[in-house]
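A look at the structure
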Amino acid sequence: MHRLKYRITTLSPVIFSSIAGDRNMVATRRYIPGATILGLVAGEYLRQYPGTDHHQDEAFYNWFLGGDVCFTNACITVEDEYGTTLFSPAPFSLAREKYDDSGIIYDLLFDDDVEHPEFPGGFSWFGNDELKLCTVATQVRFHHARDRYRGASAKGQIFNYESIAAGQVFSGEIRGSKEDLEALQQLCKSLETVYLGRSRSAEYGKALFTLGKLEKVSQREYPTAVKPGQDGLVKFSLTLESDLILYNRFGYPTTETADLEQTLQAHLGSGLTIARAFVRTGVIENFVSKWRLKKTAEPCFLAGSIFLLSSGGPVTADALGRLERKGLGMRLQEGYGRIRFCGQTRKELDAETVTIRRKAEQPEYDPPRQTRSILKAVLRDIVRDEIRLEAHYELEKFPADRLPSPSLCAKLRAMAVTGDRREFVVKINKMRDIALDALKNCVGPEYNLLEFIAGFRLPKELLDNPAAAGFEEDTAARMKKLPRNKSYCLVRDLKKPLNFEKEKLSQEKFFLFTKNLYPWIKLQHDPVRNMRSRMKSKTEFSSFQQLGEWAACTPWEDKHFAGELVLVFYDTFFSEMRRKKISHQQQEEQHAD
């Protein structure tokens, strides 16, 4: 048996419809079905050899109807500095501890000692002692049905399309005899830019098709897991790399493990049994555009189902390799029934999550003025959302029972949003001791609330020689009196508010010399650099930055916007603090009742 490897690079979003629970959602498969590639090549044959009696054409019948040539599914492929990695559907036996971030994945086929198992899903690749996990990037777009007679949208008819995002690579194989594949290779020379899947006449389905070199399918080596163990039984795994359509002895499709066991016994010996299984089932339903009809829906074992096989007799590598190369079940020419023996042999693996990075391409032209204004608003909204999220994270560090009163929270918010950061620091230092003590008594894991909201830390070199930094004599004298038994001192420790009106230059130098500012305060100095760690949750930082530079609307270069970010943080922080305190008081009252 020989094979031709093929690659599909999505140039636009692509949809391969699958059954979804939402009537308003058209879901997509996360791979390219082999039946789609079969139809693509068959269509090219019909284009080059037009006619009406192709069912009587021996080559056409053998390649596309008789099953002499097999078109496997194309799964996600990732290229990095270490080479090219072809992933396959992740087995359903893989699980991680739900509350464990160590990156260890357990294979429940060999070990069920996982207290809170969580299935990672997606696609996987197994090495000798490592595991890589990957997910296909998808997107959802909103659409509405169109009334062709009125030339307008149909009222109330809306739906969503889920699609595989552009810029991803999928790889599969075409298997058959050397002569057949050589002829197919000549046939597909003109195939390059193709259209696949659903809604090809609209904005979906554009892809790049590439064929590799013809090569022979060699017999791979199987691990020692197929040798008898201490109990005299041979135990090894069987993983479904594509959906499996299996017929029972009465000629009906089945998803019973007993029927699968009988089928395997016919190929590998009567002593074989299924000792353990992790199975999911589904329904296969295909639409043939040439017929304008659907094929009969058939139940199947879903890709990723895995079985632990046990045999009392010998199992040869030739028998495993022969069945693995041919496939199992029905409709093998469409990519169904692809299996893998001994793909899993370890109960514990170190997992690495592979991220698909799509390079953002900058358009050659300058954006229109309206586009620039829209992008600027979008980029600013993204930054504001990240700052609000950061405010929620910081607030979680302070216990609810030690937060200041709701009235003080409201007062702090009013003080913060009516001025800039410097004015807020001055106002904090003018507050009464009882209010400041309430802020100091709310202690987090690293600092108290007063230190957090108004605690510019004064560096040691500034305290040692404040006059050299340009401060007035009165301020310098108060700095000299500050205690030296702490690693830093607060503005509050000066005992008297700074007179910024009197020493304007000193005000600037004061904020310039302060060190170890809290991360969110740094936004006022360099917002784009300090957004780098926050942007990971919404978009790639590089794409975010490139988009702003292309549109010439980089919000981080606007000093007024940088000051606005601090006010956004304060507004969210104190508003949520007040809500959290009120909620805590209500819970205490209910508990007391």
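My aim in this report is to walk through the structure given alongside it, one point at a time. Remember, it's a predicted structure, so these values are computed and weren't measured experimentally.

Here's the deal with the overall build of the protein
What the protein contains, in helices and strands, is 16 helices and 28 strands. Across the 593 residues in the protein, those meeting the buried criterion constitute 44%. Sequence-distant contacts in the protein: of pairs separated by 6 or more residues, those separated by 24 or more amount to 72%.

Some details on the sheet that holds strand E8 (residues 94-97)
An order of E7-E11-E12-E28-E9-E8-E10 is seen for the seven strands of this open sheet, with the pairing classed as mixed. At either end of the open sheet lies a strand with only one pairing partner, and these are strand E7 (88-89) and strand E10 (117-118). Bridging between E8 and strand E9 (residues 104-107) involves two bridges; their strand directions are antiparallel. Each residue of the ladder has a partner; that of leucine 94, found in E9, is aspartate 107.

Topic: the environment of arginine 198
Residue placement: arginine 198 occurs in the loop between strand E16 (193-195) and strand E17 (206-216). The exposure class assigned to arginine 198 is partly exposed, which follows from its relative accessible area of 37%. Spatially, the C-alpha atom of arginine 198 lies 9.5 Å from that of threonine 28, the residues being 170 residues apart in sequence. Contacts of arginine 198, omitting those with residues within four sequence positions, involve Ile15, Ser17, Val26, Tyr161 and Tyr204. A polar atom in the side chain of arginine 198 sits 3.4 Å from the side chain of serine 17.

Looking at the nonpolar core
Ranked by internal contacts, the top residues of the largest apolar core, which has 39 residues, are Ile8, Phe64, Leu184 and Phe209. Looking at this core, the elements that each hand over two or more residues are strand E1 (2-10), helix H1 (34-48), helix H2 (58-65), strand E5 (75-80), strand E15 (169-176), helix H3 (178-187) and E17. With six residues, the top contributor of residues to this core is H1. Once you skip the residues sitting within four places of it in the chain, phenylalanine 209 turns out to touch Tyr6, Arg7, Ile8, Ile37, Leu40, Cys188, Leu191, Glu192 and Val194. Judged by nonpolar contacts, the second largest core, of 32 residues, contains Ala391, Leu395, Phe424 and Ala435.

Observations regarding the pattern of salt bridges
Where charged atoms of side chains with opposite charge meet at close range, the side chains can pair. Scanning the model with the defined rule gives 17 salt bridges in all. Measuring nitrogen to oxygen at the nearest pair gives 2.7 Å for the salt bridge that ties arginine 3 to glutamate 215. On the criterion of sequence distance, the pair formed by arginine 3 in strand E1 and glutamate 215 in strand E17 is long-range, its members being 212 residues apart. Arginine 331 serves as the salt-bridge partner of glutamate 334, at 2.9 Å between the closest nitrogen and oxygen. Arginine 331 shares its class with glutamate 334; the two are buried. Here the salt bridges share partners, and the residues they tie into one network are Arg3, Lys5, Glu173, Arg175 and Glu215.

Calculation criteria
Residues numbered from 1 in each chain as written. Predicted model: local features only at pLDDT ≥ 70, side-chain atom pairs only at ≥ 80, totals over all residues. Heavy atoms only, no water. Helix = DSSP H or I, 4+ residues; strand = E, 2+ residues; numbered from the N terminus. Buried < 20%, exposed > 50% of the residue type's maximum accessible area, 1.4 Å probe, protein only. Contact = heavy atoms within 4.5 Å. Pairing = 2+ DSSP bridges. Polar contact = N/O pair within 3.5 Å; in protein donor to acceptor, adjacent residues only side chain to side chain. Core = buried A, V, L, I, M, F, W, Y, C linked by side-chain atoms within 4.5 Å. Salt bridge = Lys/Arg side-chain N within 4 Å of Asp/Glu carboxyl O.

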